[in-house]
Amino acid sequence: MEERTVVTSVPWGPEPAPAPVADRPSATARVLGGAAALVLTTGLYVGLAVVPPDAVQGEVQRIMYLHVPSIVTAYLAFAVVFCASLLYLWKRDLRYDAVAVSSAEIGVLFTGITLATGSIWGKPTWGVWWTWDARLTLTAILFTIYVGYLMLRAFAEEPQAGARYGAVLAIVGFLDIPLNHMAVQWWRTLHQPSSILRPGGPSVASVMLVPLAINFAGLVLLYTYLLLERIRLERVRRRTAELTLKRGRRG
Amino acid sequence: MGNWGFIGLAYGLAALALVGYLVLLKGRLRSARDELEALERDGGRRKA
């Protein structure tokens, strides 16, 4: 007699019945979005109109007020992916996986912005749009790792397998970040050494730290807002997949 | 291109990327919600 397998749970494991997904962003998300817009507008004004130009680089150094907070926000996003992936592998709870995949997408966005703004700054400063310097190359590798992660997730046929392989890739890929941060100290590179997160404190003038700090705060607020919205999308998609599966089972 | 041209390009591209992502995300959310609502409506009709 033919043996039949009975599907007793949704593909991503035995989860409690999901809570209804909200139609609109939560009040927290709306406050975060509004605060991000306000803080970033302030940072833009301070960075472009208030602080004086750099004594050596001139006006073009103002690109750093966007470039530096952008990569630090990307590091934060990938740190969230790293932690959520570890938690997923430990607990096998797909809510952690939803956080990981959502944060990875936003991290890729901020890494892309970092690469683009760095390249635009490099042309007038170094005379080239791109060079295979250790810091630049490792940032491009970081971008590629997490684009690969998103592709792996998008093309996985089994949601659980995709989540599991993705988590492993995200954890291994995160090793690129300390390597990237230390690259300017370990190798002689064209990219300047760290001027903020360095032993002995920041080496830049304190007036220049103000727009950097404001924009970093603004981008972190924006990241959190985008993360909450992206997680909401993930929940809607998973609820749809679950309902479709239930209907399929009922025939 | 002068210094301010490069600054404008960098900030403009970043703004385009961030606003573009936000608009796309809202669009994806809307269509995912529409799909879910259609499924739920269909399920409700079947039960009735």
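Residues numbered from 1 in each chain as written. Chains lettered and ligands numbered in written order. Predicted model: local features only at pLDDT ≥ 70, side-chain atom pairs only at ≥ 80, totals over all residues.

Asker: Teacher, can you tell me more about the overall build of chain B here?
Answerer: A tally of helices and strands in chain B yields one helix and zero strands. A total of 48 residues make up chain B; the buried ones form 15% of that total. (Helix = DSSP H or I, 4+ residues; strand = E, 2+ residues; numbered from the N terminus. Buried ≥ 20, exposed ≤ 12 C-beta atoms within 10 Å, placed from the backbone.)

Asker: Would you mind showing me how to read the overall build of chain A here?
Answerer: Helix and strand counts for chain A come out as seven helices and zero strands. Along chain A, helices (α) and strands (β) appear in the sequence α-α-α-α-α-α-α when read from the amino end. By its C-alpha atoms, chain A is 80 × 40 × 30 Å across when sized along the principal axes. Counted over contacts in chain A with a minimum sequence separation of 6, partners at least 24 positions apart contribute 79%. (Contact = placed C-beta atoms within 7 Å.)

Asker: In this structure, what is going on with the interface of chain A and chain B? I would like to understand it.
Answerer: A common measure of how large an interface is: the accessible area buried when the components associate. Contacts between the two partners involve 27 residues from chain A, matched on the other side by 20 residues from chain B. Breaking the side of chain A that touches chain B down by element, the ones donating at least two residues are α3 (94-126) and α7 (206-250) of chain A. When residues in the side of chain A that touches chain B are grouped by element, the largest group, 11 residues, is from α7 of chain A. A breakdown of the residues in the side of chain A that touches chain B according to their chemical character gives 13 nonpolar, five polar and nine charged. (Nonpolar A, V, L, I, M, F, W, Y, C, P; charged D, E, K, R; others polar.)

Asker: I keep staring at the nonpolar core and nothing clicks. Help me out?
Answerer: Nonpolar side chains tend toward joint burial in soluble globular proteins. Ranked by size, the top nonpolar core spans 58 residues in total, and within it I63, V81 and A100 of chain A carry the most contacts. Every element with two or more residues in this core is listed here: α1 (27-50), α2 (64-91), α3, α4 (134-155), α5 (159-173), α6 (176-186) and α7 of chain A together with α1 (3-47) of chain B. Aside from chain neighbours lying at most four places away, what touches A100 of chain A is V81, A84, S85, Y88, A167 and A170 of chain A. Grouped together as the second largest cluster of nonpolar side chains are five residues, V236 of chain A together with L29, A32 and L36 of chain B included. (Core = buried A, V, L, I, M, F, W, Y, C linked by C-beta atoms within 7 Å.)

Asker: Where do I start with unusual backbone geometry in this structure?
Answerer: Phi is mostly negative for residues that are not glycine, and the peptide bonds are mostly trans. All names here are of chain A. With phi around 55°, R92 is a residue other than glycine that occupies positive phi space. Looking at where R92 falls in the secondary structure, it is placed in the loop between α2 and α3. Residue class for R92 comes out partly exposed when judged on the 16 C-beta atoms lying within 10 Å of it.

Asker: Even after reading the chapter, I still don't get the environment of I7 of chain B, so can you show me in this structure?
Answerer: Residues and elements named next belong to chain B. Turning to its location among the elements, I7 is positioned in helix α1. Its 24 C-beta neighbours within 10 Å are what place I7 among the buried residues. C-alpha of I7 to C-alpha of E35: the two residues are 28 residues apart in sequence and 42 Å apart in space.

Asker: Help me understand the confidence of the model for chain B, please; the structure alone is not making it clear to me.
Answerer: Interpretation of the predicted coordinates at a detailed level should be avoided for regions scoring low in pLDDT. Looking at chain B as a whole, the pLDDT averages 90, with 90% of positions reaching at least 70. In the predicted assembly, ipTM is 0.90 and pTM is 0.88. (pLDDT = per-residue confidence, 0-100.)

Asker: Got a minute to help me understand the environment of R238 of chain A in this structure?
Answerer: Residues and elements named next belong to chain A. Locating R238 in the fold gives a position in helix α7. Here R238 falls in the buried class, since 23 other C-beta atoms lie within 10 Å of it. Between the alpha carbons of R238 and L94 there is a distance of 9.7 Å; along the sequence they are 144 residues apart.

Asker: Please explain the confidence of the model for chain A as it appears in this structure.
Answerer: On average, residues of chain A score 89 in pLDDT, and 91% of them reach the 70 mark or higher. Under a pLDDT of 50 for its full length, residues 1-12 of chain A has, in the predicted model, 13 contacts with residues more than four places off or in other chains.

Asker: Which parts of the structure should I look at to understand the packing of α3 of chain A against α4 of chain A?
Answerer: For any two helices packed against each other, the geometry comes down to the angle between their axes and how far apart the axes lie. Residue and element names in this part refer to chain A. Where α3 meets α4, the axes come as close as 9 Å, and the angle between the chain directions of the two elements is 145°. Both α3 and α4 take part in a crossing whose hand is left-handed. Between α3 and α4, the residues in contact are V101, A104, E105, G107, V108, T111, G112, T114 and L115 and T139, A140, L142, F143, Y146, V147, Y149, L150 and R153, respectively. Taken together, the residues of the contact of α3 with α4 break down into 11 nonpolar, five polar and two charged. (Axes fitted to C-alpha atoms, helices over the stretch in contact; angles between N-to-C directions. Left-handed = near helix turned anticlockwise from the far one by under 90°.)

Asker: Teacher, can you tell me more about the packing of α3 of chain A against α5 of chain A here?
Answerer: Residues and elements named next belong to chain A. The contact between α3 and α5 brings their axes to 11 Å, and the two run at 55°. Judged by the inter-axis angle, α3 sits oblique to α5. Between α3 and α5 lies a crossing of left-handed hand. From α3, L94, D97, A100, V101 and A104 reach across to α5, where they touch A163, G166, A167 and A170. (Parallel < 35°, antiparallel > 145°, perpendicular 65-115°, else oblique.)

Asker: I would appreciate a short explanation of the environment of C83 of chain A in the present structure.
Answerer: Residues and elements named next belong to chain A. Structurally, C83 can be placed in helix α2. Classification of C83 as partly exposed rests on a count of 17 C-beta atoms within 10 Å. Sequence separation of C83 and P211 is 128 residues, and the distance between their C-alpha atoms is 29 Å.

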